[in-house]
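Each chain, letter by letter, is given below.
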Amino acid sequence: MLVYRGFSQTAPRPTVLTIGNFDGVHLGHRALLAQLKATAESENLLPAVLTFEPHPREFFAPESAPARLSTLREKLELIADEGMALTWVCHFNARFAAFSPEEFIERILVGSLCVKHLIIGDDFRFGAGRRGNFALLREAGERYGFQLEAIDSVTLEGERASSSAVRDALAEGRIEHAARLLGRPYSIDGRVVHGDKMGRQLGFATANIRIKHDKPPLLGVFAVEVHGLNGGPHRGVANLGIRPSANRTVRPILEVHLFDFSAEIYGTHLNVRFLHKLRNEMKFPGLDALKAQIACDVSEARSYFQRKDAKGQG
């Protein structure tokens, strides 16, 4: 998948396009991208996506913006996995926010992205003051010669699949439900870096993973699967938070203890998939109490995987 930043480069040939933030690339997003891909094949167009960085809500109200489900890199990887050929990353700033809907259509959709077929979600709004809507796009399509199609929301047992619903499920510890809304386990990517080696001192060596989520959508201790290592996936226990027992007050840290694993993996880029929440973070009176709890977490996580395997074989 080719990724363009900004609109200095035009599409190499006509596109079928969709537009959105695509945070988390959940079931609703994936249904839209599947329709986009099918249309591209039937109409001989390039399947293309226009997305934004930062999220518009981070631009307009950074203090109240929701936790991101995916970094830009993670989002682009997920979009590529759905078979897209092109993605434009639009830098969302004051200049872009001031674009009128008409200017957005003429300069970007038609001028740069060469759109011939546009597929949007049923709640799509765009342009200064969010004045742009389906009716305006339909009129523009008749003027500029592109087709317009809306796709309905995807629901799961009566609940709309949305980034907000995924965030709520993760924040509440309903990890399995979040996975159903996403169509896959929730995951975070990052590179293994050197830490303070506390886990090793406690007898449970951990991989300290540098993440780019300033405000992760979930916190606590989890049973996880880690991808990116030879012979994987590898199972383990992850702690995502501020480590109160170590008197940490900085940004959240992701640490993973891998079962039955001892290789040096510094510098490796890993994908950590969160499968089940074990507990919230807590502060312990001393290292002995912390070590005892980690042992319990490891035992509980192993039991979770045993149940999971048994269920899969049944």
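Residues numbered from 1 in each chain as written. Predicted model: local features only at pLDDT ≥ 70, side-chain atom pairs only at ≥ 80, totals over all residues. Heavy atoms only, no water.

Things to note about the nonpolar core
One recurring pattern in soluble globular proteins is that nonpolar side chains are buried together. Under the convention used in this document: Side-chain atoms within 4.5 Å link the members of a nonpolar core, which is a set of buried Ala, Val, Leu, Ile, Met, Phe, Trp, Tyr and Cys residues. Residue exposure (1.4 Å probe, protein chains only): buried if accessible area is under 20% of the type maximum, exposed if over 50%, otherwise partly exposed. The helix and strand labels rest on DSSP assignments: H or I over at least four residues marks a helix, E over at least two residues marks a strand, and numbering proceeds from the N terminus. A contact between two residues is defined here by any heavy atoms of the two lying within 4.5 Å.
Of all hydrophobic cores here, the largest spans 30 residues; its most connected members are Leu 218, Leu 254, Val 256 and Phe 274. Going through the elements one at a time, α7 (163-171), α8 (175-182), β9 (186-193), β10 (207-210), β11 (220-227), β12 (234-241), β13 (253-258) and β14 (269-279) are the ones with two or more residues in this core. Once you skip the residues sitting within four places of it in the chain, Leu 254 turns out to touch Ile 188, Ala 207, Asn 208, Ile 209, Ile 211, Ala 238, Asn 239, Leu 240, Val 272 and Phe 274. Counting residues in hydrophobic clusters, the runner-up holds 29 residues, among them Trp 88, Phe 99, Leu 118 and Leu 137.

Considering the pairing of β14
Stated precisely, the cut-off is as follows: When DSSP finds two or more bridges between a pair of strands, those strands are recorded as paired.
Burial of β14 is extensive: eight of the 11 residues sit out of reach of the surface. Here six bridges tie β9 to β14, and the two strands are oriented antiparallel to one another. Paired with Tyr 186 across the two strands is Phe 274, which belongs to β14. The pairing of β11 with β14 spans seven bridges and is antiparallel. If you follow Glu 225 over to β14, its bridge partner there is Arg 273.

Focus: the pattern of salt bridges
Definition in use: Salt bridge, as applied in this entry: a Lys or Arg side-chain nitrogen positioned within 4 Å of an Asp or Glu carboxyl oxygen.
Applying the stated criterion across every chain, the model contains 12 salt bridges. Residues Arg 131 and Glu 102 are paired through a salt bridge, measuring 3.4 Å at the closest nitrogen-oxygen approach. Remark: Glu 102 occurs in helix α5 (residues 101-112) and Arg 131 occurs in the loop between β5 (115-121) and α6 (134-144); sequence separation between them is 29 residues. For Glu 102, a relative accessible area of 40% puts it in the partly exposed group. One salt bridge connects Glu 103 with Arg 107, and the closest N-O pair in it is separated by 2.7 Å. Pair noted here: Glu 103 and Arg 107 are both in helix α5, with a separation of four residues, about one helical turn. Residue Glu 103 is classed as partly exposed on the basis of its relative accessible area of 26%. Arg 107 gets classed as partly exposed once you look at its relative accessible area, which sits at 42%. Through salt bridges with shared partners, a single network forms among Glu 53, Glu 58 and Arg 68.

Some words on the sheet that holds β12
Just so we agree on the cut-off: A fitted line through C-alpha atoms serves as each axis, taken over the contacting stretch for helices, and the angle formed by two N-to-C directions is quoted from 0 to 180°.
Spatial ordering of the closed barrel is given by β9-β10-β13-β12-β11-β14, a layout of six strands whose pairing is antiparallel. Adjacent strand axes in the sheet meet at a mean angle of 45° when their direction is disregarded. Across three bridges, β10 lies against β13 in antiparallel orientation. Considered in β13, the bridge of Asn 208 is made with Glu 255. Its contacts with the sheet put α8 on β9, β11 and β14, and the angle it makes with β14 is roughly 130°.

Quick word on unusual backbone geometry
Going from Glu 53 to Pro 54, the amide bond is cis rather than trans, its omega being 0°. Looking at where Pro 54 falls in the secondary structure, it is placed in the loop between β3 (46-53) and α2 (56-60). Despite not being glycine, Val 25 shows a phi value in the positive range, around 45°. Positionally, Val 25 belongs in the loop between β2 (15-19) and α1 (27-43).

Quick notes on the packing of aromatic side chains
Filter applied, for reference: Planes of paired rings set the category: under 30 degrees apart is stacked, over 60 is edge-to-face and the rest tilted, where pairs are Phe, Tyr or Trp rings (Trp by its six-membered ring) whose centres lie within 6.5 Å.
Enumeration over the complete set of coordinates arrives at 15 aromatic pairs. Residues Phe 59 and Phe 60 carry aromatic rings whose centres are separated by 5.1 Å and whose planes lie at 75° to one another, so their mutual orientation is edge-to-face. For Phe 59, a relative accessible area of 31% gives the class partly exposed. Look at Phe 60 and you get exposed, because its relative accessible area is 58%. Plain terms: the ring middles of Phe 92 and Phe 96 are 5.5 Å apart, the flat faces sit at 70° to each other, and that makes the pair edge-to-face. The class for Phe 96 is buried, based on a relative accessible area of 11%. Following the ring pairs from residue to residue traces out a cluster consisting of Phe 52, Phe 59, Phe 60, Phe 92, Phe 96, Phe 99, Phe 104, Phe 124 and Phe 126.

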